[in-house]
Amino acid sequence: MKKNLWLLILGITVVTFRAGALEVSDTVSLEAVTVTAIKGGSSIASASASTYIGEKEAERLRIESVKGATDVVPNFFVPDYGSRITSSIYVRGIGARIDQPSVGLTVDNVPFMNKDSYDFDLQDISSMQVVRGPQSTLYGRNTMAGVINITTLSPFEYQGLRASARYGRANTWRLGAGYYTR
């Protein structure tokens, strides 16, 4: 037993001594490596369950807020009760009434981190995409159930004035205007 222990110690010492004696004569220098990734990529529809609503369809269906997509998007529900500050969004039955949301929201690639600001009107929606299922790899926190991506009109693609006026029951008016220039 002692003989084996001494041989082991001697072997470790020789290996350590030889490893310390080695010198590296050639060094290899690498150029800078840049790794980039773009959200969305080619087609997100092939990777997960999603619903895309374009500009013409949003105008035809009069979708002017996240709540307006409830009737069109499957497994997506925004209840119409309470105040706008306490609005909840449910995707596939997963949602949160208090604390942090489980559904993410981005408008023009700017994330909204608190669900208190989810229920608002958007005048000029260019497209809306609801992606169902966990999306934290691409969008970070608050996307356990899915994410809603809204894109508004870009002044690089549209220039001019857009205005709308609507009258509803109980003497309700909704007015909106937007001016786009470069």
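No experiment lies behind these values; they were computed from the predicted model shown.

Novice: I'd love a proper account of a nonpolar patch on the surface, names of residues and values included.
Specialist: Among the surface-exposed residues, Tyr167, Trp173 and Leu175 lie close enough to one another that they form a single nonpolar patch of about 430 Å² accessible area. Among the structural elements, tyrosine 167 can be located in strand S8 (residues 160-168). In this structure tyrosine 167 comes out as exposed when scored by relative accessible area, which is 52%.

Novice: Can you tell me about unusual backbone geometry, naming the residues and giving the values?
Specialist: In the Ramachandran plot, asparagine 75 falls in the positive-phi region, its phi being about 60° despite a non-glycine side chain. In this fold, asparagine 75 is placed in the loop between helix H2 (55-60) and strand S2 (76-77). Of note, alanine 170 is a non-glycine position whose phi angle comes to about 60°, a positive value. By the secondary structure assignment, alanine 170 is in the loop between S8 and strand S9 (172-180). Judged by relative accessible area, which is 73%, alanine 170 ranks as exposed.

Novice: Can you break down the pairing of strand S4 (residues 103-107) residue by residue, with the values?
Specialist: With five of five residues buried, S4 lies mostly within the body of the structure. Side-chain alternation along S4 places Val103, Leu105 and Val107 on one buried face and Gly104 and Thr106 on a second face that is also buried. Two elements, S4 and strand S7 (residues 146-152), share five bridges in a ladder whose sense is parallel. Note that in S7 the partner of threonine 106 across the bridge is asparagine 149. Pairing geometry for S4 and strand S5 (residues 110-112), over three bridges, is antiparallel. By the bridge assignment, valine 107 is partnered in S5 with valine 110.

Definitions and limits used
Residues numbered from 1 in each chain as written. Predicted model: local features only at pLDDT ≥ 70, side-chain atom pairs only at ≥ 80, totals over all residues. Heavy atoms only, no water. Patch = residues over 30% accessible without salt bridge, like charges linked within 9 Å, V, L, I, M, F, W, Y side chains within 5 Å. Areas by Shrake-Rupley, 256 points an atom, 1.4 Å probe, with all protein chains shown as cover. Salt bridge = Lys/Arg side-chain N within 4 Å of Asp/Glu carboxyl O. Helix = DSSP H or I, 4+ residues; strand = E, 2+ residues; numbered from the N terminus. Buried < 20%, exposed > 50% of the residue type's maximum accessible area, 1.4 Å probe, protein only. Pairing = 2+ DSSP bridges.

Keep in mind these values describe shape, not function.
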